[in-house]
Amino acid sequence: MGVDAIALNYGASSWELDQIASAYAAAKFISSPLKLFLSPDFTSHACDLDPLIVEIKRFAGHPSQFKVNGRVMVSSFEGKCLKQVGWQKIKSEVGAYLMPFISGLEGQFWQWGVLDTWFCWGCAWPSGNIDKTVHDFISRRDTVLIRSTQMADDHYYISQLGSRYGTTVSPWLFTHYDYKNFLHKSDDWLYLTRWNQLMAMRDQLTFVEVISWNDFGESHYMGPIHGLQPSGTTWVNNFPHTAWQELSAYYIHAFKTGSYPTITEDIVYYWARPHPASARASKDSLEKPQGWDWVSDTLWAAVFLTAPGTVTLTSGSSSQTFKNVPAGVSRLSIPLTPGMISVKVERGGKTVASERARGYNYVSTPETCECLDSYCNEWDGDLGAVDNFNAWVGAAKGTVQPSSTPTNMGTLTTTSTTTTTSLSMTTSKSVHATTTSTATTTSSTSQATHTPPVPPCVRHTGTPTPRQSTE
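Please read all numbers here as calculations on a predicted model, not as lab measurements.

## Here's the deal with the overall build of the protein chain
When you go through the protein chain residue by residue, the secondary structure sums to six helices and 24 strands. Taking all 471 residues of the protein chain together, 55% fall into the buried category. In the protein chain, the share of contacts with a sequence separation of at least 24, taken over all contacts with a separation of at least 6, comes to 74%. Carbon and sulfur atoms provide 51% of the accessible area of the protein chain, an area that totals close to 18,800 Å².

Here you go:
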């Protein structure tokens, strides 16, 4: 994937520190080049400074500890409760490089000089029913300056923080608990758009954090689905996301080197939600998630081609053939209709890559699962379906071609010469991924329970227009 380090997000439970110790031990055992660092979640972790310093010191000298110019990386989710004096004590006693996300510091960053970098956790997604931008738009009404909903975007924070700014990228966000029930708009190839934005800003960023490896509760996991999930998580099993992890490698390489890599394999990455936005699961005791009406019932595809080809996307009775799709990266989409999903790439009269989504069906209501052919899974009993705005993600792969094959992406000439980490890297840019305290446990805020696999159910409303664009 190409990340340099894993942020171990953890809360107050003792088992979480045990799992963190296991992660460090495993990394040492396999001599992994991937480093680790602590990121306490202060929505759960006690705001008690002395025990926190003990936790950080416990792993500070570990060979797998991520360091920046010899200083121990320490991050967090929130942490304003420590105040500046508390963060200064961590910095002094541990020799730490501080990179927390602390909300509510807008307009006050100059008072928080103790922070080496502040990273924007929420900048990975749009703020509302709008497309993701990096700009800070300001409008004037009478004599009052009104900052738009894009206030939280990158250019605003760069203007406040300069070289002390780090940011985030993520493919998705949906959560459906009784204590948090919302989604962020992730349509229109958000993940690709965000990476290209970061490429354009790479000389202004210290770190980029990929969210996340295994946060199943918020649906932006990119690792395999293993182990326990937070209690009440009903939208993850049989919804793989590992293809997004594979897609990430292309953009991480580009960000770290300043040049998009040569495409050596024909691949179609594709994803879709499990039922129409307007459909209602009658057995769901919760309201529909906030933002449900922002999304489109669409099959999204990111097509990586070594040479021009013909691409066909199919969802049930909805099918579209895109001819003369150029070499490089193209974005295609079609409306979702009930049935199976399949993708295919043809070149010179031959199929060079194809896949039919196994275990995935698009049906009319969340309560209905219809096995349409032998690719469907079998199941018994009542599904007890709920509103599910998670994505099913797949990839159709062709044959690897010689690396001399060019792309149409071009090369960025902007590079950075200032080393920002102590690792032996060929670039100054660093990328790390967020995980919880273990790859098998995903929440510090609720008790984890095992959720039995449930086949994804899907349904159709609306008729989005097929779309095609090339990067």
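## Overview of the sheet that holds strand β20 (residues 350–356)
Adjacent strands of a sheet pair through backbone hydrogen bonds, lying either parallel or antiparallel. Read from one edge to the other, the open sheet built from four strands follows the order β17-β16-β19-β20, with strand pairing classed as antiparallel. Edge positions in the sheet fall to β17 (318–325) and β20, since each has one partner strand and no second. The mean inter-strand angle of the sheet, taken between neighbouring strand axes irrespective of direction, is 10°. Looking at chain direction, strand β16 (residues 309–315) and strand β19 (residues 341–347) are connected through six bridges and run antiparallel. By the bridge assignment, V311 is partnered in β19 with V345.

## Regarding the environment of A26
Within the fold, A26 resides in helix α1 (residues 14–29). Classification of A26 as partly exposed rests on a relative accessible area of 40%.

## Considerations on the confidence of the model for the protein chain
In this model, the protein chain carries a mean pLDDT of 82, and residues with pLDDT of at least 70 account for 78%. Contacts from residues 370–384, a stretch scored under 50 in pLDDT, to residues over four places away or in other chains number 30 contacts. Within the model, pLDDT remains below 50 along residues 437–462, and this stretch shows 109 contacts once partners closer than five positions in the same chain are excluded.

## Here's the deal with the pattern of salt bridges
Following the criterion strictly, the structure yields 17 salt bridges and no others. As a salt-bridge pair, K256 and D4 come within 2.9 Å of each other at their nearest N and O atoms. On the criterion of sequence distance, the pair formed by K256 in helix α6 (residues 242–257) and D4 in the segment before β1 (5–10) is long-range, its members being 252 residues apart. Here R273 makes a salt bridge to D297, at a shortest N to O gap of 2.5 Å. Highlighted residues: R273 in the loop between β14 (265–272) and β15 (298–305) and D297 in the loop between β14 and β15, separated in sequence by 24 residues. Each member of the pair R273 and D297 is classed as buried. Several salt bridges converge on common partners, so that one network encompasses D50, K57, K89 and E93.

## Considerations on unusual backbone geometry
A cis geometry characterises the amide bond from I211 onward to S212, with omega recorded as 0°. Structurally, S212 is set in the loop between β12 (207–211) and β13 (229–230). One non-glycine residue, W189, lies in the positive phi region at around 55°. Residue placement: W189 occurs in the loop between β11 (181–183) and α5 (190–200). On the basis of relative accessible area, W189 is assigned to the buried category, the value being 4%.

## Focus: the packing of aromatic side chains
Enumeration according to the criterion identifies 33 aromatic pairs in this entry. Each ring, one from F101 and one from W118, has its centre 5.8 Å from the other, and the planes form 45°; the classification is tilted. Taken together, the residues F101 in strand β5 (residues 96–101) and W118 in strand β6 (residues 118–119) connect sequence positions 17 residues apart. Exposure remark for F101: the relative accessible area of 10% places this residue in the buried category. In this structure W118 comes out as buried when scored by relative accessible area, which is 1%. Between Y250 and F304 the ring centres are 5.0 Å apart and the planes differ by 90°, which places this aromatic pair in the edge-to-face class. Pair noted here: Y250 is in helix α6 and F304 is in strand β15, with a separation of 54 residues, a long-range link. For the pair formed by Y250 and F304, the shared burial category is buried. In this structure an aromatic cluster arises from ring pairing among F77, F101, F109, W118, F119, W121, W125, Y156, Y157 and Y165. The lysine or arginine in question, R202, covers the ring of F255, its NZ or CZ lying 6.0 Å from the ring centre. The ring of W292 is capped by K288, whose NZ or CZ atom sits 4.8 Å from the centre of that ring.

## Quick notes on the nonpolar core
Counting residues in hydrophobic clusters, the biggest one holds 124 residues, and the most contacted among them are W87, I90, W118, W195 and W271. A per-element tally of this core places α6 first, with eight residues. With residues up to four places along the chain from it excluded, the contact list for I90 reads L49, L52, I53, I56, L82, G95, A96 and L98.

## Regarding α6
For α6, which comprises 16 residues, the first-to-last C-alpha distance of 24 Å matches the rise-based estimate of 22 Å (1.5 Å per residue) to within 8%. Considering bend angle alone, the principal kink of α6 is centred on S248 and spans about 25°. If you check which residues of α6 are buried, you get A243, W244, Q245, L247, S248, Y250, Y251, I252, A254, F255 and K256. Once α6 ends, the next one or two residues include G258, with phi positive near 85°.

## Here's the deal with the sheet that holds strand β18 (residues 328–335)
Pairing within the open sheet is antiparallel, and its five strands lie in the order β21-β14-β15-β18-β24. Each having just a single partner strand, β21 (392–400) and β24 (467–470) make up the two edges of the open sheet. The mean inter-strand angle of the sheet, taken between neighbouring strand axes irrespective of direction, is 15°. Of the pairings in the sheet, the one linking β15 to β18 comprises eight bridges and is antiparallel in character. From the neighbouring strand, V303 faces β18, where its bridge partner is S330. In the packing of α5 onto the sheet, contacts are made with β14, β15 and β18, and the angle to β18 comes to roughly 150°.

Cut-offs and rules
Residues numbered from 1 in each chain as written. Predicted model: local features only at pLDDT ≥ 70, side-chain atom pairs only at ≥ 80, totals over all residues. Heavy atoms only, no water. Helix = DSSP H or I, 4+ residues; strand = E, 2+ residues; numbered from the N terminus. Buried < 20%, exposed > 50% of the residue type's maximum accessible area, 1.4 Å probe, protein only. Contact = heavy atoms within 4.5 Å. Areas by Shrake-Rupley, 256 points an atom, 1.4 Å probe, with all protein chains shown as cover. Pairing = 2+ DSSP bridges. Axes fitted to C-alpha atoms, helices over the stretch in contact; angles between N-to-C directions. pLDDT = per-residue confidence, 0-100. Salt bridge = Lys/Arg side-chain N within 4 Å of Asp/Glu carboxyl O. Phe/Tyr/Trp six-rings, centres within 6.5 Å; stacked < 30°, edge-to-face > 60°. Lys NZ or Arg CZ within 6 Å of the ring centre and 35° of its normal. Core = buried A, V, L, I, M, F, W, Y, C linked by side-chain atoms within 4.5 Å. Expected span 1.5 Å × (residues − 1). Bend = angle between axes of the 7 residues up to and from the residue.

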